[in-house]
Amino acid sequence: MRLDLTGKRAVVCGSTQGIGLARAHEIALLGAEVTLLARDEARLHEAAAALPRPAGQAHAVAVADFAVDASLRRAAESLADAGGAQILVHNTGGPPPGQAIDADPEDFVRAFRMHIVSGHALVQALLPAMKAAKYGRVINIVSTSVRQPIPGLGVSNTVRGAVASWAKTLSMELGRHNVTVNNILPGYTETERLRSLVNGRAAARSADPKAVADELRATIPLGRFGEAAEIGAVAAFLASPAASYVSGQSIAVDGGRTSTI
Ligand SMILES: NC(=O)c1ccc[n+]([C@@H]2O[C@H](COP(=O)([O-])OP(=O)(O)OC[C@H]3O[C@@H](n4cnc5c(N)ncnc54)[C@H](OP(=O)(O)O)[C@@H]3O)[C@@H](O)[C@H]2O)c1
C-alpha cells in the first residue's frame, strides 16, 4: 500500500494533546514534515520535539487561537508565506456541553467560528500549495453526531452537521485539483475532552464517574473507548496516496457505536 508521505508538508491543528497530537504522530511516522497548531506555544514545542522523524524531517509549530479572528488570519497568512502544505488536518476543542435550547444564541456563532471559519481560512491559505503539488488532503475531525445527534451536546451537534456539509461541498469543488476532503467521526475516545464530559455528566446526576463511563462503554459494540492513536491511524491513511479515491466521506471511527448504516 502507498502510505509514504516523505516530501509532503502537513498542518495538524489542535495538536498539543488528544486526537490532534495522535494524528500528528501517525502522519509524521509516514514521513511528512508536520506543523503543529494550537494556542499553547510551550506545549506545541514540547510536542513537536517528541514527534517521529523517520525521514529526518524538521517539524514546526504555529500558534493560533481559532476563537480570535486576528490570530487565525495571522496564522493562515504565515503558513501560506512559509510555502503552505499539501495536508491539512483541521481540529480544535469541542463546544461546551449543554442542551441546544439552553444555549445563548452567541454560542452558535462562537462554534461556527471555531469549527468552520477556522477550517475555511486554513484551506484557502494552503490551497495554492495543494494545487501546485496536484496533491491535497483536507481531513476534518468532527463527531459521530453528524449521523446521530448526541444528547447534551446541542451546540456541538448543530455545528458538526454544518462542518459535514461544508466539507462535502468543498470536496465537489476541489476534486479537479486532486484535493480530497474527508471527515473523521470519532466515537468516545480516551482524551481530556472525554474525561471532562464524563465528569460533567456524573456531577449533574451525583453519580460515580466510573459508573457513567461504564454506561457509555456498554453502548459500544467493541466494548471499550477508542484510543487517540486509532483515530490518528485513519487520518494518516486518508492523508496518504493510498486514499487517492476517497473523497467527500464522513468515516466513523467509533467501535461500531453509531447505529446508522
Ligand atoms: N474525545 C472524544 O471522545 C471525542 C469524540 C467525538 C468528537 N471529538 C471531537 O474531536 C475533537 C478533538 O477532541 P479531543 O478529545 O482530542 O480534544 P481535546 O483533548 O480537548 O484537545 C483539543 C485540542 O484543540 C486545541 N484547541 C482548543 N481550543 C483551541 C482554539 N481556540 N484555537 C486553537 N486550538 C485550540 C487544544 O490545544 P490548546 O489548548 O493548546 O489550544 C488541543 O490541542 C474535538 O472537536 C472533539 O469535540 C472528541
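Here, every reference points to the structure presented above.
Residues numbered from 1 in each chain as written. Predicted model: local features only at pLDDT ≥ 70, side-chain atom pairs only at ≥ 80, totals over all residues. Heavy atoms only, no water.

(A) Examining the nonpolar core more closely. Core analysis: the biggest nonpolar cluster contains 31 residues, and Phe66, Leu88 and Leu122 have the highest contact counts within it. Among the secondary structure elements, those contributing two or more residues to this core are β1 (9–13), α3 (69–81), α4 (105–133), α5 (154–174) and β6 (179–186). Sorting elements by how many residues they give to this core places α4 first, with 9 residues. In this structure, Leu5, Ala10, Ala243 and Val253 belong to the second largest nonpolar core, which totals 28 residues. (Core = buried A, V, L, I, M, F, W, Y, C linked by side-chain atoms within 4.5 Å. Buried < 20%, exposed > 50% of the residue type's maximum accessible area, 1.4 Å probe, protein only. Helix = DSSP H or I, 4+ residues; strand = E, 2+ residues; numbered from the N terminus.)

(B) Layout of the sheet that holds β6. Taken in spatial order, the 7 strands line up as β3-β2-β1-β4-β5-β6-β7 in an open sheet, and their pairing is parallel. The open sheet has two edge strands, β3 (60–63) and β7 (250–253), and neither has a second partner. Sheet twist, expressed as the average angle between the axes of neighbouring strands with direction ignored, equals 20 degrees. Pairing of β6 with β7 involves 4 bridges; the strand directions are parallel. Bridge assignment links proline 186 to a residue of β7, and that residue is valine 253. Lying over the sheet, helix α8 (residues 228–239) contacts β4 (87–90), β5 (136–141), β6 and β7, oriented at roughly 170 degrees with respect to β6. (Pairing = 2+ DSSP bridges. Axes fitted to C-alpha atoms, helices over the stretch in contact; angles between N-to-C directions. Contact = heavy atoms within 4.5 Å.)

(C) Inspection of the site of the ligand at higher detail. Residues in contact with the ligand amount to 30 residues; listed here are only the nearest, Thr16, Arg39, Arg160, Thr191 and Arg193. Contacts to the ligand include glycine 187, whose backbone N or O atom sits 3.4 Å from an oxygen atom. Between arginine 193 and the ligand, the recorded distance is 2.7 Å, taken from a side-chain N or O atom to an oxygen atom. Protein contacts shield 91% of the accessible area of the ligand, which totals 880 Å² for the unbound molecule. Mapping the ligand onto the cavity grids shows that it belongs to the largest pocket. Secondary-structure elements contributing two or more residues to the shell around the ligand are α1 (18–29), α4 and α6 (192–204). (Near = heavy atom within 4 Å. Polar contact = N/O pair within 3.5 Å; in protein donor to acceptor, adjacent residues only side chain to side chain. Areas by Shrake-Rupley, 256 points an atom, 1.4 Å probe, with all protein chains shown as cover. 1 Å grid on protein atoms, 1.4 Å probe; cavity = no way out; pocket = protein on both sides within 12 Å on 5 of 7 lines; lining within 4 Å. Sits in = over half its atoms within 2 Å of the grid points.)

(D) View of the pattern of salt bridges. Within the structure shown, the criterion is met by 9 salt bridges. Of the charged contacts in the structure, one is a salt bridge between glutamate 230 and arginine 224, with a shortest N-O distance of 2.8 Å. What emerges from the salt-bridge pattern is a single network uniting Asp69, Arg73 and Arg113. (Salt bridge = Lys/Arg side-chain N within 4 Å of Asp/Glu carboxyl O.)

(E) Looking closely at the pairing of β4. A two-sided burial pattern is seen for β4, the buried positions comprising Ile87 and Val89 on one face and Leu88 and His90 on the other. Here β4 runs beside β5; their pairing, made up of 4 bridges, is parallel. What sits directly across from valine 89, in β5, is isoleucine 139. Between β4 and its parallel partner β5, the chain crosses via α4, and the hand of that crossover is right-handed. (Right-handed = clockwise from strand over helix to strand, strands pointing away.)

(F) Molecular detail of the packing of aromatic side chains. This model, assessed by the stated rule, comprises 1 aromatic pair. Aromatic side chains tyrosine 188 and phenylalanine 225 sit 6.1 Å apart centroid to centroid with 70 degrees between the ring planes, which places their arrangement in the edge-to-face category. Taken as a pair, tyrosine 188 in the loop between β6 and α6 and phenylalanine 225 in the loop between α7 (209–217) and α8 lie far apart in primary sequence, 37 residues in all. No difference in accessibility class separates tyrosine 188 from phenylalanine 225, as the two residues are buried. Note that arginine 257 overlies the ring of tyrosine 188, its terminal NZ or CZ placed 4.2 Å from the centroid. (Phe/Tyr/Trp six-rings, centres within 6.5 Å; stacked < 30°, edge-to-face > 60°. Lys NZ or Arg CZ within 6 Å of the ring centre and 35° of its normal.)

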